[in-house]
Amino acid sequence: MFADFENAKVVVTGGANGIGKTIAMGFAKRGSDVAIVDIHGDEAEAAAAELRSLGRNAFAIEADVSVLDDCKMVFDTVMEKFGRVDVLVNNAGVSALSDVEHIPEKDIRWVYETNVYSHWFMMQQFLPQMRAQGNHCQIINVCSIAGLISMNGAPAYFSSKHAAVALAECLYKQLRAEKADIDISVFCPGYIDTQMHL
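An account of the accompanying structure is given in this report. This one's a predicted model, so the numbers in the text were calculated from it and none came from an experiment.

Attention shifts here to the packing of helix H4 (residues 105-133) against helix H5 (residues 155-178). The axes of two packed helices give the description: the angle between them and the distance between them. Relative orientation of the contacting elements H4 and H5 amounts to 15 degrees, with a least axis distance of 8 Å. One way to sum up the angle between H4 and H5 is to call them roughly parallel. Of the two possible hands of crossing, H4 and H5 adopt the one that is right-handed. Touching Val111, Tyr112, Asn115, Val116, His119, Trp120, Met123, Leu127 and Arg131 of H4 are Ala156, Tyr157, Ser159, Ser160, Lys161, Ala163, Ala164, Leu167, Leu171, Gln174, Leu175 and Glu178, all from H5. Split into classes, the residues belonging to the contact of H4 with H5 amount to 13 nonpolar, 5 polar and 3 charged.

Here's what the structure looks like:
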């Protein structure tokens, strides 16, 4: 598990508010520099300003991490400004309430692309850099307790979170087989009153 927080370079997706902002603030308070990635650019910049008020190097990147090209842009920006990345936090997530029969296709795609594809795309971009650096690195994928249980009313959300957990577990096994100095953790919180539920 990652513990060398001082001057670590951290990337947090969905970092403008809620869980992501709290995670970003936690790293900053422990001495890390943070890139806040969010689809809401103004909110991301406001969060980054709070981190800078703590004396940390923090900046915002407006991006839709469900889009591969945006994830490539995020990586390029982080490398330009930080030169390395020690921790990647895949936190961006969305939900859609419906049932299996009636949920629109666009909502299924939106939920899966944000909750699963974004993890995959961001890890594809940052893993080669983490390997090349030679220092211990950490990936944290925020997946929700919905990735461990199932309930009625939000099949796209629950099934996408199960997929995100499975993706992280697959990468964990790959990294262990490679003896890579990269840890991956899955964070599965219960219900938290954030803007995602408004």
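So, about unusual backbone geometry. In this model, Asn7 sits at a positive phi of 65 degrees, which is unusual for a non-glycine residue. Following the sequence through the fold, Asn7 ends up in the segment before strand E1 (9-13). Residue classification places Asn7 among the partly exposed positions, given a relative accessible area of 39%. With a phi close to 55 degrees, Lys179 is a non-glycine residue in the positive phi region. Turning to its location among the elements, Lys179 is positioned in the loop between H5 and strand E6 (182-187).

Judged from the 5 bridges that link them, strand E2 (residues 33-38) and strand E3 (residues 58-62) form a sheet pairing that is parallel. Paired with Val37 across the two strands is Ile61, which belongs to E3. For the crossover from E2 across helix H2 (residues 41-52) to E3, the handedness is right-handed.

So, on to the side chain of His119. Position of His119 relative to the elements: it lies in helix H4. Classification of His119 as buried rests on a relative accessible area of 0%. Contact partners of His119, with chain neighbours within four places excluded, come to Asn90, Ala92, Asn141, Val142, Cys143, Ala164 and Leu167.

Two elements in contact, helix H3 (residues 68-81) and H4, have axes whose closest approach is 8 Å; the angle formed by their N-to-C orientations is 30 degrees. For the pair H3 and H4, the crossing hand works out as right-handed. Along the contact surface, H3 presents Leu68, Cys71, Lys72, Val74, Phe75, Val78 and Met79, while H4 presents Phe121, Met122, Gln124, Gln125, Phe126 and Gln129. Here the residues of the contact of H3 with H4 are counted per class, giving 9 nonpolar, 3 polar and 1 charged.

Further remarks concern H2. In this model H2 runs 16 Å from its N-terminal to its C-terminal C-alpha over 12 residues, within 8% of the 16 Å that 1.5 Å per residue would give. Taken as a whole, H2 has its buried residues at Gly41, Ala44, Ala47, Ala48 and Leu51. Taken down its axis, H2 places every buried residue within 125 degrees of arc, on the same side. Packing partners of the buried residues in H2 comprise helix H1 (18-29), E2 and E3.

We now examine the sheet that holds E3. A sheet is described by the order of its strands in space; here 6 strands give the open sequence E3-E2-E1-E4-E5-E6, paired in parallel fashion. The strands lining the two open edges of the sheet, one partner per strand, are E3 and E6. Neighbouring strand axes in the sheet, compared pairwise and without regard to direction, differ in orientation by 15 degrees on average. Contacts from H1 reach E1, E2, strand E4 (87-90), strand E5 (137-142) and E6 within the one sheet, and its direction differs from that of E2 by about 170 degrees.

Take the layout of surface pockets next. What the second largest pocket holds in volume is close to 190 Å³. Of all the secondary structure elements, the ones that give two or more residues to the lining of the second largest pocket are H1, E5 and E6. Classifying every residue of the lining of the second largest pocket gives 9 nonpolar, 3 polar and 1 charged.

So, how was this worked out
- Residues numbered from 1 in each chain as written.
- Predicted model: local features only at pLDDT ≥ 70, side-chain atom pairs only at ≥ 80, totals over all residues.
- Heavy atoms only, no water.
- Axes fitted to C-alpha atoms, helices over the stretch in contact; angles between N-to-C directions.
- Helix = DSSP H or I, 4+ residues; strand = E, 2+ residues; numbered from the N terminus.
- Parallel < 35°, antiparallel > 145°, perpendicular 65-115°, else oblique.
- Left-handed = near helix turned anticlockwise from the far one by under 90°.
- Contact = heavy atoms within 4.5 Å.
- Nonpolar A, V, L, I, M, F, W, Y, C, P; charged D, E, K, R; others polar.
- Buried < 20%, exposed > 50% of the residue type's maximum accessible area, 1.4 Å probe, protein only.
- Pairing = 2+ DSSP bridges.
- Right-handed = clockwise from strand over helix to strand, strands pointing away.
- Expected span 1.5 Å × (residues − 1).
- Arc of directions from axis to C-beta.
- 1 Å grid on protein atoms, 1.4 Å probe; cavity = no way out; pocket = protein on both sides within 12 Å on 5 of 7 lines; lining within 4 Å.
- Points joined across faces, edges and corners; volume = space filled by probe spheres on them.

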